[in-house]
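The primary structure of each chain is shown beneath.
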Amino acid sequence: MVSIASDLPVSSTHPRWLIRAALLAIAYLVIPFVGTSYLFEAILLPFLALSLAGVGLNLLTGYAGQVSLGSAAFMAVGAFAAYNFNLRVEGLPLVASIVLAGFSAAAIGIVFGLPSLRLKGFYLAVSTLAAQFFVQWALTKFGWFSNNSASGVIDAPPLAIAGIGFESAAGRYLFALTIVTVLTFLTLRLVASQTGRNFIAVRDNETAARIIGVPVLRTKLLAFAISSFIIGIAGVLWAFAYLRTVEPAGFNLDRSFQVLFIIIIGGLASIRGAFFGAALIVVFPLALSRLGAFFLGDIFDSGVLDMSQRIVLGGLIILFLVLEPDGLVALWGRSVRRLGSVFGRS
Amino acid sequence: MTMLSKFKIAALAAGVALTIALPAAHADEQYFPLQSYRVGPYAAGGTGFFGGFIDYLNLVNTRDGGVNGVKLTWSEAETQYEVERGVEAYERLKSNPNVAAWNPLSVGIAYAMIDRITADKVPLITINHGRTDSTDGRVFPYVFPLLLNPYSETSGIVNYIASKEGGLESLKGKKIVVLYHGSPYGKETIPIYELLAEKYGFELQQIEVPHPGNEQQSQWLTIRRAKPDYVVLRGWGVMNPVALKTAAKTGFPVDHIIGNVWSNSEEDVIPAGDAAKGYTAITTQASGTEYPVVKEIVSTLYDKGQGNLEDKNRIGSVYHNLGIVNGILNVEAIRIAQEKFGKRTLTGDEVRWGFEHLQLDPARVEALGAKNLFHSINVTWDNHEGNGYVTFQQWDGKKWNVVSDWIAPDWALLRPIIEKSSGAYAAEKGIKLRTAEDAEAATN
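Here the structure is a predicted model, which is why all the values come from computation and not from measurement.

### Observations regarding the overall build of chain B
Counting its secondary structure elements, chain B contains 16 helices and 13 strands. Computed over C-alpha atoms, the radius of gyration of chain B comes to 21 Å, within 12% of the 22 Å expected from 2.2 N^0.38 for 444 residues, which places it in the range of a compact globule. A total of 444 residues make up chain B; the buried ones form 58% of that total. Considering only intrachain contacts with a sequence separation of at least 6, the fraction spanning at least 24 residues in chain B is 70%.

Below, the structure written as structure tokens:
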């Protein structure tokens, strides 16, 4: 693993909490009133779910240095666990189902994290593939998980907390936003704590970490558990708030890669990076497809357009990673510093 | 691409906002949002089906100037058969005015849309596929698995096998393997095959092929060990030619493989080459270009370079003809609704009324130039499938030949099972069963 700067404060004229508070104020007080259903359903909801998955994977891969290709599996565990807790435990509040779903994903995460005690790097990545295939197989094989639904598709229950419904697009957005905000702040606290420093120590040099007294095995498993917990809840948001229906194949290997790309493009070992990366992965293809359809829609059919978008997207990602290997978050930090110095001089 | 959506995308390109729905401007237009797929593993089905659908809409516009003067418009958004893209496309396209009906041609996308289109009051058409219990119009007012729902298909296939063996009684003790696509579509028929196996006393084994299905060695080795009398291929896309080729490799006789309604196209058999010779599959619409409506599409559109298919050899193929039949059904639903509500742009709910009175007897089908292309349809407010007839076709290496009459599936047997499933759904969702009076009223 390349050594990566941790989420060090970017020099800025404003304190960070002010920026965060302003972002949250916009997210809570402005967007719900001005957003269209397209903005919520097609952009913000997948963005929030994938950002949270990115935050979870970043803990494991960015901070603790353990590469995982099983993110989609943990999302699936979360989604199907929440569905089953909600369905089978009478009177259990939705929030409790979601938290229990997180713990279920954490448990599976620990099981599939065990190989990390012996394996590193690519070998570990390959062993986490086992999670990907096993979970999808189990969810397909045993009809119980999808309540014996003929087609294996589960329908999300209505979102309601203490009798207040969040069924509208804006409501589901607020629901997802709240969960993402809470978990992100907890994660920020975690990475600043001793545990977070242990993660980084294990990532940077396992032997050195052991010598200074970091419990390496426990730290690795803890990273898998917490990361899977967060990713599991991201899966709940994906299924319950975004698609509102889900089948096991919806959480396939492609989704795992998508989450991995999010943190690589956004910036490893950066919580903000997960949000930047998810924004790029969600919004960029859409913008490209809309622009392509606008300029060339009369000449080519949608299939040709879609293919060329993929080429453009792939090319841009390569170009971008060559120019900025530390991800969007580094680019952001530099722009802010430059802007700061420009304003500082004037 | 309609002018309206162009303006909308222009607004986006300008970076003003992601969607600003323009106010409805054109008075007499009816818009079809097409969540099509022209790339990915299922592109053959997507290009053929949406090609035929667009060709028919185009034909109605060019030949008749629209439906009673109401022009048909459409625009496409690529889904690649993926649920997330389908949902995005739905959100993108639904802001267009005058939406008539949705036709996503994907069970996964259709499932994700049921709540949404029910809230919007716009019909969702899942021709020859979809969620079986949406046949029950009392519970699913806006969902239409037209012509053939998956259970009817299953019943048709089992009846056909029985007829080859000498009657339903002779199924006793026979062994049938169902090789199904690992997707919501593929799994939809698992319970009904089990039920029919129990009822008719045949031995059943159902084997999944994971999506997309380009590797089936182990499944066919299992089949070889099981030595079934018949294999039902419930495939989709690339899975079908691979199945036929692997069957040939493992020595299973191809004339004992029966394809379902999504394993019945030229694109499924041509890539398999000789391995497909003798393969039989169910269909609701015949292939070929000899039907007057197909001929008209060729003379009106393709001869003038306005056809939608890039490869003219695919005109009259199974998927293309299915798209044409789907076009006929959508257009006729609008026409029927216009007779009640007036010859103008209709609301989604009014089009829903039209679909619920979509009754085309063989005479009407003939008048539409589609005699023997498909048999008939008889949709009512509580039967959203419309009792489509099926036929069987055999591949001779060059073309499909019809090898049976039009067969009726065993609807009376299936209806109680469908009602049980839709009843459970209604209970889970707290849906009040609709009555005939509810169905008669349409909001405008």
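Now that the structure is up, let's keep going.
### Concerning the overall build of chain A
Of the regular secondary structure elements, chain A holds 13 helices and 4 strands. Taking 2.2 N^0.38 as the reference for a compact globule, 346 residues should give roughly 20 Å; the C-alpha atoms of chain A span a radius of gyration of 20 Å, in line with that estimate. When its C-alpha atoms are laid out on the principal axes, chain A stretches across 65 × 60 × 40 Å. Long-range pairs, those at least 24 residues apart, make up 78% of the contacts in chain A between residues at least 6 apart in sequence.

### Side note on the sheet that holds strand β12 (residues 391-395) of chain B
Residue and element names in this part refer to chain B. Overall, mixed pairing links the 7 strands, which are arranged β6-β5-β7-β8-β9-β12-β13 in an open sheet. Of all strands in the sheet, those bounded by a partner on one side alone are β6 (203-210) and β13 (400-402). Ignoring strand direction, the axes of neighbouring strands in this sheet form an average angle of 25 degrees. Bridge count for strand β5 (residues 175-182) against strand β7 (residues 230-234) is 5 bridges, and the pairing is parallel. Counterpart to Val 178 in the pairing with β7 is Val 232.

### Here's the deal with the interface of chain B and chain A
With 36 residues of chain B in contact, the opposing surface of chain A contributes 31 residues. Every element with two or more residues in the side of chain B that touches chain A is listed here: α1 (3-13), α2 (43-64), β2 (71-78), α3 (83-93), α4 (107-120), α6 (184-187) and α7 (190-200) of chain B. It is α3 of chain B that contributes the most residues to the side of chain B that touches chain A, 6 residues altogether. Of the residues belonging to the side of chain B that touches chain A, the class tally is 17 nonpolar, 8 polar and 11 charged.

### Observations concerning the pairing of β2 of chain B
Residue and element names in this part refer to chain B. With 7 of its 8 residues buried, β2 lies for the most part within the structure. Sheet analysis places strand β1 (residues 29-36) next to β2, joined by 8 bridges and oriented parallel. Looking across to β2, one finds that Gln 35 is bridged to Ala 77. Of the crossover connections in this fold, the one passing from β1 over α2 to the parallel β2 is right-handed.

### Quick word on the nonpolar core
Ranked by internal contacts, the top residues of the largest apolar core, which has 227 residues, are Ala 49, Ala 176 and Leu 237 of chain A. For this core, the leading source of residues is helix α9 (residues 216-243) of chain A, giving 18 residues. Formed jointly, this core draws a minimum of three residues from each of two domains, domain 1 (3-148 + 288-378 + 418-440) and domain 2 (151-283 + 393-409) of chain B. Excluding its chain neighbours within four sequence positions, the residues that come into contact with Ala 49 of chain A are Ala 176, Ala 234, Leu 237, Trp 238 and Tyr 242 of chain A.

### Overview of the confidence of the model for chain B
Overall, the predicted model of chain B reaches an average pLDDT of 90, with 94% of residues at or above 70. Note on residues 8-25 of chain B: pLDDT is under 50 here. Beyond four places in sequence and across chains, it has 28 contacts.

### Some thoughts on the packing of α2 of chain B against helix α12 (residues 318-341) of chain B
All names here are of chain B. Interaxial distance between α2 and α12 falls to 7 Å at its minimum, and their mutual angle equals 45 degrees. The angle between α2 and α12 places the two elements in the oblique class. The hand of the α2/α12 crossing is right-handed. Residues Gly 45, Gly 48, Phe 49, Phe 50, Gly 51, Gly 52, Phe 53, Asp 55, Tyr 56, Leu 57 and Val 60 of α2 touch α12, and the partners they reach there are Tyr 319, His 320, Asn 321, Leu 322, Gly 323, Ile 324, Asn 326, Gly 327, Ile 328 and Val 331. The residue makeup of the contact of α2 with α12, split by class, is 11 nonpolar, 9 polar and 1 charged.

### Digging into the domain arrangement of chain B
The extent of an interface is frequently quoted as the accessible surface area lost upon association of the parts. Residue and element names in this part refer to chain B. When the domains of chain B are assigned, the result is domain 1 (3-148 + 288-378 + 418-440) and domain 2 (151-283 + 393-409). The straight-line distance from the C-alpha centre of domain 1 to that of domain 2 is 28 Å. With 17 residues of domain 1 at the contact, the number on the domain 2 side is 19 residues. Mapped onto the side of domain 1 that touches domain 2, the elements with two or more residues apiece are α2, α4 and α12. Looking at the side of domain 1 that touches domain 2 residue by residue, the class counts come to 9 nonpolar, 8 polar and no charged.

### Comments concerning unusual backbone geometry
In this model, His 211 of chain B is joined to Pro 212 of chain B through a cis peptide bond whose omega is 0 degrees. Looking at the element boundaries, Pro 212 of chain B is found in the loop between β6 and α8 (217-226). Here the phi dihedral of Ala 269 of chain A falls at roughly 55 degrees; this positive angle occurs in a residue that is not glycine. On the secondary structure map, Ala 269 of chain A appears in the loop between α10 (253-266) and α11 (271-296). With 27 C-beta atoms counted inside 10 Å, the residue Ala 269 of chain A sits in the buried group. With a phi angle near 60 degrees, Lys 121 of chain B is a residue other than glycine that sits in the positive phi range. Owing to 16 C-beta atoms within 10 Å, Lys 121 of chain B belongs among the partly exposed residues under this scheme.

### Some thoughts on α8 of chain B
Residues and elements named next belong to chain B. Where α8 is concerned, the buried positions are Gln 219, Trp 220 and Ile 223. End-on, the buried residues of α8 take up no more than an arc of 90 degrees, which puts them together on one face. Away from its buried face, by an angle of more than 90 degrees, α8 presents the exposed residues Gln 217, Ser 218, Leu 221 and Arg 225. At its buried positions, α8 is contacted by β5, β6, β7 and α9 (239-250). Residue Lys 227 follows α8 closely and has a positive phi angle near 50 degrees.

### Quick look at the pairing of β12 of chain B
Looking down a regular strand, the side chains alternate between one sheet face and the other. All names here are of chain B. Counting buried positions over the 5 residues of β12 gives 4, a clear majority of the element. Relative to β12, strand β9 (residues 280-283) runs antiparallel, the two sharing 4 bridges. Bridge pairing links Thr 280 to Gln 394 in β12. Across 3 bridges, the pairing between β12 and β13 is antiparallel. In the sheet register, Trp 395 faces β13, and the bridge partner there is Trp 400. Where β12 folds back onto β13 in an antiparallel hairpin, the turn is made up of 4 residues, including Gly 397, whose phi is positive at roughly 105 degrees.

Rules and cut-offs
Residues numbered from 1 in each chain as written. Chains lettered and ligands numbered in written order. Predicted model: local features only at pLDDT ≥ 70, side-chain atom pairs only at ≥ 80, totals over all residues. Helix = DSSP H or I, 4+ residues; strand = E, 2+ residues; numbered from the N terminus. Rg over C-alpha atoms; globule rule 2.2 N^0.38 Å. Buried ≥ 20, exposed ≤ 12 C-beta atoms within 10 Å, placed from the backbone. Contact = placed C-beta atoms within 7 Å. Pairing = 2+ DSSP bridges. Axes fitted to C-alpha atoms, helices over the stretch in contact; angles between N-to-C directions. Nonpolar A, V, L, I, M, F, W, Y, C, P; charged D, E, K, R; others polar. Right-handed = clockwise from strand over helix to strand, strands pointing away. Core = buried A, V, L, I, M, F, W, Y, C linked by C-beta atoms within 7 Å. Domains from an automatic or database assignment. pLDDT = per-residue confidence, 0-100. Parallel < 35°, antiparallel > 145°, perpendicular 65-115°, else oblique. Left-handed = near helix turned anticlockwise from the far one by under 90°. Arc of directions from axis to C-beta.

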